[in-house]
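These are the residues of each chain, in order.
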Amino acid sequence: MNIMFLGTGAGIPAKARNVSSVALQLLEERNAVWLFDCGEATQHQILHTSIKPRKIEKIFITHMHGDHIYGLPGLISSRSFQGGETPLTIYGPKGIEEFVKISLSVSHTHLTYEIKFVEIENGIIFEDESFQVIAEKLEHGIDSYGYRVIEKDLPGPLLVEKLKNLGIPPGPIYQKVKKGGDIQLPNGSVINGDDFIGPKQKGRVVTILGDTRYTEKSIKLAEESDVLIHEATFSKEDQQLAYDYFHSTTMDAAKIASKSNAKKLILTHISSRYQTTEQHDLLLQEAKDTFPLTLIASDFMQIEIPKNS
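The rules behind these values
Residues numbered from 1 in each chain as written. Predicted model: local features only at pLDDT ≥ 70, side-chain atom pairs only at ≥ 80, totals over all residues. Heavy atoms only, no water. 1 Å grid on protein atoms, 1.4 Å probe; cavity = no way out; pocket = protein on both sides within 12 Å on 5 of 7 lines; lining within 4 Å. Points joined across faces, edges and corners; volume = space filled by probe spheres on them. Nonpolar A, V, L, I, M, F, W, Y, C, P; charged D, E, K, R; others polar. Pairing = 2+ DSSP bridges. Helix = DSSP H or I, 4+ residues; strand = E, 2+ residues; numbered from the N terminus. Axes fitted to C-alpha atoms, helices over the stretch in contact; angles between N-to-C directions. Buried < 20%, exposed > 50% of the residue type's maximum accessible area, 1.4 Å probe, protein only.

Chemist: Explain the layout of surface pockets to me, using residue names and the numbers behind them.
Modeler: In this model, the largest pocket occupies a volume close to 160 Å³. Around the largest pocket, the lining residues are A10, G11, H65, D67, H140, D211, T233, F234, Y245, H247 and H269. Split by residue class, the lining of the largest pocket holds three nonpolar, six polar and two charged.

Pasting the structure below:
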């Protein structure tokens, strides 16, 4: 599980930061990439990475402001030209289906794959045997959502040494043991496979929030996250400005991380008013004063999320 930041700026592109897009790479878990927001020129950013558009399985849009959606038509079209044949599901607030369909229609774009749309409300918006995704409306000028991605607990490891100590050599029988339940051995004895499986491995949790003021809803959504990605458009010195524009400061993000007991906070959606290294260092330090395990995202930064022991 790997997070790559394709765009970390707010509002308009800047020289050092493109507008919002985050890729959650789940290549080992499901041979797929999930994209969160798709600001202008996201596909250009992807060209500088190893991400293959045909691997993008799902796109989650936090809200309908242009710096989070203007890259969608181009990426969707290019995915078709680049061999994309598998279905693509787009999740987002009301209006996302209309926006995409009108863009493709008036540009006479014909796709080689099916697009499914899910216009979201609060609650579970996706679930299968491996993952669950929960959406929660935040506090912004328009409907803006945060997403909690939950990896379900993984099966425990096979206790190979314990099997060998019983004289059971590696082979096809190990596959039967992994499935659990009673298993008859070649010598006629019976073992319970469950006795040879270690404790389940706790799944990981990633929370990615859209644009928002400080809100208690974010705390619940981010609870015990391995990684919390939170906008920090403004410095704590610009608290009133952040409130007026329905955004957060570095301090707001740090408080959410601390109260939710997240393991790591990553700041993104940084205003172009802060462009120097010194300004970025100041933003980072403001957050670290409250939540030490904080990073400030830059375009193309990658974060590995190790499996829980």
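Back to the text.
Chemist: I'd love a proper account of the sheet that holds strand 7 (residues 123-127), names of residues and values included.
Modeler: One open sheet accounts for seven strands, arranged 7-8-9-12-13-14-15; its pairing is mixed. Here the strands that pair on one side only, and so sit at the sheet edges, are strand 7 and strand 15 (294-296). Taken pair by pair, the neighbouring strands of this sheet meet at an average axis angle of 20 degrees, ignoring direction. Pairing geometry for strand 14 (residues 265-268) and strand 15, over three bridges, is parallel. Within the sheet, the bridge partner assigned to L265 lies in strand 15 and is T294.

Chemist: Quick one: what's the story with helix 4 (residues 72-81), residue by residue and with numbers?
Modeler: Most of helix 4 is tucked away, with seven of its 10 residues classed as buried. Turning to helix 4, its buried residues number three or more, namely L72, L75, I76, S77, S78, R79 and S80. Immediately downstream of helix 4, the backbone of G83 shows phi near 90 degrees, a positive value.

Chemist: Can you explain the pairing of strand 9 (residues 145-151)? Please cite residues and give values.
Modeler: Of all seven residues making up strand 9, seven are buried, and the element is well covered by its neighbours. Both faces of strand 9 are covered, namely the face carrying Y145, Y147, V149 and E151 and the face carrying G146, R148 and I150. Sheet topology note: the strand 8 (residues 131-137)/strand 9 ladder contains seven bridges and is antiparallel. Its bridge partner being in strand 9, Q132 is matched across the sheet by I150. When strand 9 meets strand 12 (residues 205-209), the two strands line up antiparallel, connected through five bridges. Paired with G146 across the two strands is L209, which belongs to strand 12.

Geometry only, nothing functional implied.
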